[in-house]
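Structural description and commentary
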Amino acid sequence: MNIPSHFYKANYDFETDRARILNRYERLIDNFKAKYDKKEFFIARAPGRINLIGEHTDYNGLPVLPMAVNRDIASVFSPLEDGKVILNNTDSSFTERQFYIEASIPPYNEGDWGNYCKAAVQGVIDHYKGKGKTCRDFKGLQIMLDGDIPLAAGLSSSSALVVLSALIFLKSNSLEIPKLELAGLMARAEHYVGTQGGGMDQAVSLLGKADHALKIDFNPLQVTPVKLPPGYKMVAANSLVQAAKSEGALDQYNRRAIECRLAAAALRKKFSEMLKRELPIRLIGDLNTEKLAIPEDQIRDLAEGILHRQPYSLSEIAALLEITPIETAKRYCKKRDGSLFPEPAEGFKLKNRYRHVKAEGKRVEGSFKALKENNMYEFGNLMNQSHASCRDLYEISCPELDKLVEISRESGALGSRLTGAGFGGCTISLLESDKVEAFINRVTQLYYRDFLNLEQEDYSSYIFSCKAVNGADVLS
Ligand code: GLA
């Protein structure tokens, strides 16, 4: 098989892992050949990720600290001359999707897996619009996919599929976009599926580096790898509460993004009045010394005084912004299809959301420093603080995640927190390497067996140690 050995050597630690991955890719190639009857093909893969710290900061313009992990979506594909895209998956519950490349590709129903591929293709076409290419110039492709990233688990299987689709679509058309640029492009492109996400997942899936975490800064997008200290491991554990961003949690996720935009707008208005000048503030992350020319602690104190703890109604925010409620909704609460996000019954919690985002941004800086200094106790503390803030201020945890975090800490983790969008999905825990096995056994007993009453032979798809791997690539 034509998988370059540097690929699995860099990304998989043990012979058994390497054998497993080669086996999987071989099966995928067989599936491709059987389905499409083609001898010429390419192979590509895009990894999932865990976010070590920095939750819901990316779309607020503040940094994150994820790593790409040794779970991926792989594809075997070949170009098609007629502008058609045919998608198949080795997992037969993902039934075949076919669509044509056109200027504006209509999405499937919300939540459909094919939309992630459409999002990428649309993003690439839009990028080349105005660069002398029309949609008729693009070749289509036939694709067979296989994934081992747990689904709806907060490990970013969806962005891996978007990034992978972009890479293979570009390859099929002999085009290339530098990865940093492609990361930004795909972050915007993924809004096609309806999530108003930030750019973390696409960036780390494309730019991940073996044995490193990435500190990612936004506006402009910038990636700084930081070596993970040897002797420690991150263990992911699936709470088994489904966090499908394309379904129920989508509204919850978007609601957080809306609340943050509203908080930034309210603070911009008040700070502009106080400082008697118009301020270049769009996101919570813009409320900084550089933009306001006042010290951080003064910004914090002023913001604390401006925002109140009780939830805001739309009309209260409108009055504060001195525009009508409908104008406020149109500016800040729009969905992708143009409809307006309904006002939540319990109001918009601007203060708590603002507090989480600002403090979480600082925790990312602190964690980056702790990693560089090998101070894993500090890193673990910051992870714990992050979880508390995600639970209490941002309200993206759930009883199962809290339980899993509690059990993990009692089972030897130096730090434990939910990872990704929240509302279910995985936790990650920081462990000394020699404690990993005992940790996994204990959490399996206390969470999966005792708490969820699950009895089965193998729990390795629920709880596993993660290795940081290189970003997405066409392998051959
Ligand atoms: C999802 C989004 C990311 C980020 C995280 C939360 O994974 O895709 O952009 O906002 O949630 O940190």
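Throughout what follows, the structure given in this document is the object of discussion.

Conventions and cut-offs
Residue numbering note: each chain is counted from 1, following its sequence as written. Residues qualify for local features only when their pLDDT is at least 70, as the model is predicted, and side-chain atom pairs are given and counted only at 80 or more; totals for whole chains, interfaces and linings, by contrast, use all residues. In computing side-chain values, all of the structure's heavy atoms are included and hydrogens and water are not. Secondary structure elements are taken from DSSP: a helix is a run of H or I of four residues or more, a strand is a run of E of two residues or more, and numbering for both begins at the N terminus. Here the globule rule reads 2.2 Å times residues to the power 0.38, and the radius of gyration is calculated from C-alpha atoms. Only protein chains enter the accessibility calculation, which uses a 1.4 Å probe. A residue is then buried if its area is under 20% of the maximum for its type, exposed if over 50%, and partly exposed in between. Any two residues whose heavy atoms approach within 4.5 Å are treated as being in contact. A 1.4 Å probe and the Shrake-Rupley method give the accessible areas. Residues count as covered only by the protein chains that appear here. The sign given to each residue is positive for Lys and Arg and negative for Asp and Glu; His and the chain ends receive no count. Lysine's charge is taken at NZ, arginine's at CZ, aspartate's at CG and glutamate's at CD. It suffices for a single heavy atom of a residue to lie within 4 Å of a molecule or strand for the residue to be listed as near it. Any pair of N or O atoms that falls within 3.5 Å is considered a polar contact. Within protein, one atom must be able to donate a hydrogen and the other to accept it, and sequence-neighbouring residues count only if both atoms are side-chain atoms. By nonpolar core we mean a set of buried residues, namely Ala, Val, Leu, Ile, Met, Phe, Trp, Tyr and Cys, connected to one another through side-chain atoms within 4.5 Å. The pairing criterion is simple: DSSP has to find at least two bridges between the two strands. Only one rule defines a salt bridge in this text: a Lys or Arg side-chain nitrogen within 4 Å of an Asp or Glu carboxyl oxygen. Under this scheme, a helix contributes an axis fitted over its contacting stretch, all axes are lines through C-alpha atoms, and angles between N-to-C directions fall in the 0 to 180 degree range.

Re the overall build of the chain
Along the chain, the regular secondary structure elements total 15 helices and 12 strands. Taking 476 residues into account, the globule formula puts the C-alpha radius of gyration at 23 Å, and the chain, at 22 Å, falls close to it. Summarising its shape, the C-alpha atoms of the chain cover approximately 70 × 55 × 40 Å along the three principal directions. The buried share of the chain, reckoned over its 476 residues, is 59%. Within the chain, contacts between residues separated by at least 24 positions form 73% of all contacts whose residues are at least 6 apart in sequence. Per element, the accessible surface of the chain, about 19,600 Å² overall, is 49% carbon and sulfur. In the chain, which carries 62 positive and 62 negative side-chain charges, the distance between the mean positions of the two groups comes to 4 Å.

Points about the site of the ligand
Taken together, 13 residues surround the ligand, and among them Glu55, His56, Asp58, Asp201 and Tyr253 come closest. With respect to the ligand, the side chain of Arg49 contributes an N or O atom lying 2.9 Å from an oxygen atom. Between an oxygen atom of the ligand and a side-chain N or O atom of Glu55, the distance comes to 2.7 Å. Within the complex, 98% of the 310 Å² of free accessible area of the ligand lies under protein.

Quick look at the nonpolar core
Ranked by internal contacts, the top residues of the largest apolar core, which has 82 residues, are Ile50, Met67 and Phe379. Ignoring anything within four residues of it in the chain, the contact list for Met67 reads Gly48, Arg49, Ile50, Leu52, Val204, His212, Ala213, Leu228, Met234, Cys466, Lys467 and Ala468. By size, the runner-up hydrophobic cluster in this structure holds 46 residues, among which are Leu62, Ile284, Leu401 and Phe423.

Quick notes on the pairing of strand β6 (residues 212–217)
Within β6, 6 of the 6 residues are buried, leaving the element largely enclosed by the surrounding structure. Because side chains alternate across β6, one face comprises the buried residues His212, Leu214 and Ile216, and the other comprises Ala213, Lys215 and Asp217, equally buried. Alignment of β6 against strand β7 (residues 222–227), held across 6 bridges, turns out to be antiparallel. Among the inter-strand pairings, Ala213 is bridged to a residue of β7, identified as Val226. Connecting the antiparallel pair β6 and β7 is a turn made up of 4 residues, with Asn219 showing a positive phi of about 50 degrees.

Focus on the pattern of salt bridges
One pass over the structure, following the stated rule, counts 37 salt bridges. Residue Glu365 pairs with Lys215 through a salt bridge whose shortest N-O separation is 3.5 Å. Taken together, the residues span a long stretch of sequence, with Glu365 in helix α12 (residues 350–372) and Lys215 in strand β6 at a distance of 150 residues. For Glu365, a relative accessible area of 37% corresponds to the partly exposed category. Salt bridges sharing partners connect three or more residues here, namely Asp17, Arg20, Arg24, Arg45, Asp72, Asp146 and Asp148.

Overview of the sheet that holds strand β1 (residues 42–53)
With mixed pairing, 6 strands are arranged side by side in an open sheet as β4-β3-β5-β2-β1-β12. Where the open sheet ends on each side, the last strands, each with one partner, are β4 (97–100) and β12 (473–474). Relative to strand β5 (residues 140–147), strand β3 (residues 84–89) runs parallel, the two sharing 5 bridges. Following the sheet pairing, Asn89 is matched in β5 by Leu145. The sheet strands contacting helix α2 (residues 15–36) are β1, β2 (65–80), β3 and β5, and the helix crosses β2 at an angle near 25 degrees.

Details of the environment of Leu65
Inspection of the secondary structure puts Leu65 in strand β2. The exposure class of Leu65 is buried, given its relative accessible area of 0%. Expressed as a C-alpha distance, the spacing of Leu65 and Asp217, which sit 152 residues apart in the sequence, is 9.1 Å. Leu65 has contacts with Asn51, Leu52, Ile53, Ala213, Leu214, Lys215, Val226, Val364, Ser367, Phe368, Leu371 and Phe379, leaving out every residue within four places of it along the chain.

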